[in-house]
Structure formats: C-alpha cells, structure tokens
Amino acid sequence: MTELVPDVRTVAMRWWDVRDKVVHTCMRIGRDPSEVTIVAVAKKHTAAAVREAIAAGVTDIGENYVQELLDKQPAVATQVRWHFIGRLQRNKVRQVVGRVALIHAVDSLALAQEIDKRAAAIGVVQPILLAVNIAGDDAKGGVTPASAPMLLGAFAGLANLRCDGFMTMPPEDPVATATAFNGLRELRDRLRAPHLPLPILSMGMTGDFEQAIAAGATHLRIGTAIFGERPAPVDDTLT
Ligand SMILES: *Cc1c(COP(=O)(O)O)cnc(C)c1O
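Below, the structure is looked at part by part.

The rules behind the values
Residues numbered from 1 in each chain as written. Predicted model: local features only at pLDDT ≥ 70, side-chain atom pairs only at ≥ 80, totals over all residues. Heavy atoms only, no water. Buried < 20%, exposed > 50% of the residue type's maximum accessible area, 1.4 Å probe, protein only. Helix = DSSP H or I, 4+ residues; strand = E, 2+ residues; numbered from the N terminus. Pairing = 2+ DSSP bridges. Polar contact = N/O pair within 3.5 Å; in protein donor to acceptor, adjacent residues only side chain to side chain. Salt bridge = Lys/Arg side-chain N within 4 Å of Asp/Glu carboxyl O. Phe/Tyr/Trp six-rings, centres within 6.5 Å; stacked < 30°, edge-to-face > 60°. Lys NZ or Arg CZ within 6 Å of the ring centre and 35° of its normal. Near = heavy atom within 4 Å. Areas by Shrake-Rupley, 256 points an atom, 1.4 Å probe, with all protein chains shown as cover. Nonpolar A, V, L, I, M, F, W, Y, C, P; charged D, E, K, R; others polar. Contact = heavy atoms within 4.5 Å. Core = buried A, V, L, I, M, F, W, Y, C linked by side-chain atoms within 4.5 Å. Right-handed = clockwise from strand over helix to strand, strands pointing away. Axes fitted to C-alpha atoms, helices over the stretch in contact; angles between N-to-C directions. Parallel < 35°, antiparallel > 145°, perpendicular 65-115°, else oblique. Left-handed = near helix turned anticlockwise from the far one by under 90°.

### Points about the pairing of strand β8 (residues 219-222)
Move 1: Burial of the side chains of β8 extends over both faces: His219 and Arg221 are buried on one face and Leu220 and Ile222 on the other.
Move 2: Of the pairings in the sheet, the one linking strand β1 (residues 37-41) to β8 comprises four bridges and is parallel in character. From the neighbouring strand, alanine 40 faces β8, where its bridge partner is isoleucine 222.

Right, dumping it as structure tokens:
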C-alpha cells in the first residue's frame, strides 16, 4: 500500500490504536478481550523499538529469526513473554528452546522430536503450536489438516513438549481468509479432547486481525500496525 502521508506516529501511539481496535472488535462480537493476546512482531526492528513497545504496555514480543532473538533478548532485559513465530530449523533448536514462552510454527515430527530432546536436556517443558496449512496454499508452510491428528498423537509421546494449539498463515487470496481462519478453529474444535485442550489459535496479522478475532483467534501476530513498515525487505534465507 502506498502511503502519501508518512506515518509519523510513535510505537506507543500505534500500539494504543491496535489495542483499541482489538478491544472494540471483541466487544462488537461478544468476546472477552482478555482472551486475546497481541503478540507484537518485532522482526527487522531494533531493541529500542521493542523497549518502547513494552513501555507502552506490550506484554508479548514475536521474533522470526534466531539471531534477532538472541541479540534482542539481552538488550531488552525486561519482563516480557517472547514468542518464536518463524520457521525453525532443526540445527537452531538448541538456541530457542527454554528462551521463549511459545514456539508457534512446528511443522514436522522431526522438529518436535528435536525440541523435546533439547527441552529434556535443560529440564523444561516447551509449549509449541502445530503450524497448519489450512488453505492448502503451496507457498505456505505448515502441515495438511489431514495429517494433524497423526502428529498430535505422536507429540503426545514427547514428555518435554506440550502442544497448546494451532497456528496458520493467511491464504494468498484475501477473499479466502475468513474461511481459512474458521477452518482452523473447526479443526481445533474437532481434535481437542479432555486430555488435549488445544486452547491456543495463533492467527491474524496487520491486515486481517479483526477477521481472526471473529473466527476465535487467541493470539494475534501483529507487526506493521505496531512498529510501522519494516526497514528492509525480509530475506527468508537469513534464518
Ligand atoms: C511478519 C509476520 C507477522 C506480522 O506481519 P504484519 O503483517 O507486519 O503484521 C505475523 N506472523 C508471521 C509468521 C510473520 O512472519
């Protein structure tokens, strides 16, 4: 989107705006705003911007890249929940497990086993989400909905990993967004059980978080609307 007028608002002003929209959307559809966590996605933004966000009231920070997480955590050094929302390579698992409250995008049994092994080695239980490619978009990561039951079953055998729910990326076609978000909630409703409550649905970004709230999202991953445009295009080979 081309902006004719530069966005000169501070991170705090943008955060209050996002927070307001989330609360109003919840009230409009009869959801309790306390059920919805806003994860402020800080990829490509500085530790100073993260500190500004926390000072304004942000409680959850999302990072996509392991190196950025390792650089910013000590530089921020405040009580805040960190989330790893990017694709995690198996050889970087040891740098992430135990350092984040939630790993959002687990998309294979091999990755889950690696996380479990590391969590056992350092004596923690690592909460994760299963990434589901709900719209069947070839370009997007995540497992097929059909393979979710088998993976959840396999995860149950990993003592140091706890699957708390699902995450998804929106489909390329914005017309299909609401269908995809509702599909993820329906999949969760179908697969959850007393021993496996799957309370978390991580879906919704800057362009579609209101639709995600309406579909039942519990975790919104919002970057641009809080931190402004990212300074450089994201190079996915940098993970
Ligand atoms: C960058 C990113 C977001 C946030 O995107 P915005 O459109 O800037 O809100 C959310 N989720 C994931 C996985 C991302 O990589």
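### A closer look at the side chain of threonine 25
Move 1: Within the secondary structure, threonine 25 sits in helix α1 (residues 11-29).
Move 2: The class for threonine 25 is buried, based on a relative accessible area of 3%.
Move 3: Within the structure, the side chain of threonine 25 is placed 2.7 Å from the backbone oxygen of lysine 21, a separation counted as a polar contact.

### Describing the pattern of salt bridges
Move 1: Summed over the entire model, instances satisfying the criterion amount to twelve salt bridges.
Move 2: With its nearest N and O atoms 3.4 Å apart, the salt bridge here joins aspartate 17 to lysine 21. Of this pair, aspartate 17 and lysine 21 both sit in helix α1, separated by four residues, roughly a single helical turn.
Move 3: Among the residues examined, aspartate 17 registers a relative accessible area of 31% and is labelled partly exposed.
Move 4: A salt bridge links lysine 117 to glutamate 114, with the shortest nitrogen-to-oxygen separation between them at 3.8 Å. Of the two residues, lysine 117 and glutamate 114 are both situated in helix α5 (residues 109-122); the distance of three residues between them amounts to about one turn of the helix.
Move 5: By relative accessible area, which is 23% here, glutamate 114 ends up partly exposed.
Move 6: Overlapping salt bridges bring together Arg185, Glu186, Arg188, Asp189 and Arg192 as one network.

### Thoughts on the packing of aromatic side chains
Move 1: According to the stated counting rule, one finds zero aromatic pairs in the structure shown.
Move 2: Here the guanidinium or amino end of lysine 44 rests over the ring plane of tyrosine 65, the centre of that ring lying 5.6 Å away.

### Let's talk about the site of the ligand
Move 1: Neighbouring the ligand are Val41, Lys43, Asn64, Ile85, Met169, Met205, Thr206, Arg221, Ile222, Gly223, Thr224 and Arg230.
Move 2: Within the side chain of lysine 43, one N or O atom sits 2.7 Å away from an oxygen atom of the ligand.
Move 3: In the model, an oxygen atom of the ligand is placed 2.8 Å from a nitrogen or oxygen of the glycine 223 main chain.
Move 4: Considered on its own, the ligand offers 390 Å² of accessible surface; in the complex 88% of this is hidden by protein.
Move 5: Taken together, the residues of the shell around the ligand break down into five nonpolar, four polar and three charged.

### A word on helix α3 (residues 66-76)
Each turn of an α-helix holds 3.6 residues, which means side chains three or four residues apart point in the same direction.
Move 1: Among the residues of α3, those classed as buried are Val66, Glu68, Leu69, Leu70, Lys72, Gln73 and Val76.
Move 2: Directly beyond the C-terminal end of α3, a positive phi value near 45° is found at alanine 77.

### Observations concerning the environment of cysteine 26
Move 1: Tracing the backbone shows cysteine 26 in helix α1.
Move 2: With near-sequence residues (within four places) excluded, cysteine 26 lies in contact with Arg31, Pro33, Val36 and Ile213.

### Digging into the nonpolar core
Move 1: Ranked by size, the top nonpolar core spans 67 residues in total, and within it Ile115, Leu130, Phe155 and Leu220 carry the most contacts.
Move 2: Counting residues in each nonpolar core, the second largest holds six residues, with Leu102, Leu129, Ala131 and Ile200 among its members.

### A look at the pairing of strand β3 (residues 81-84)
Move 1: For strand β2 (residues 60-63) and β3, the ladder comprises four bridges, and the chain directions are parallel. By the bridge assignment for β3, aspartate 60 is matched with arginine 81.
Move 2: Regarding the hand of the β-α-β motif, the stretch spanning β2, α3 and β3 is right-handed.
Move 3: In this structure, β3 lies alongside strand β4 (residues 102-106), joined through two bridges in parallel fashion. If you follow phenylalanine 84 over to β4, its bridge partner there is isoleucine 103.

### Details of the packing of α1 against helix α2 (residues 47-56)
Move 1: At their nearest, the axes of α1 and α2 sit 9 Å apart, and the two run at 50° to each other. Compared by their axis directions, α1 and α2 come out oblique. Considering how the two elements wind past one another, α1 and α2 form a crossing that is right-handed. Residue-level inspection shows Val11, Ala12, Trp15 and Trp16 of α1 in contact with α2, the latter providing Ala49, Glu52, Ala53 and Ala56.

### Topic: the side chain of asparagine 133
Move 1: With respect to the element layout, asparagine 133 can be found in the loop between β5 (126-131) and α6 (148-155).
Move 2: Given the relative accessible area of 12%, asparagine 133 is considered buried.
Move 3: Discounting residues that sit within four places of it in the chain, asparagine 133 has contacts with Lys140, Gly141, Gly142, Val143 and Pro145.

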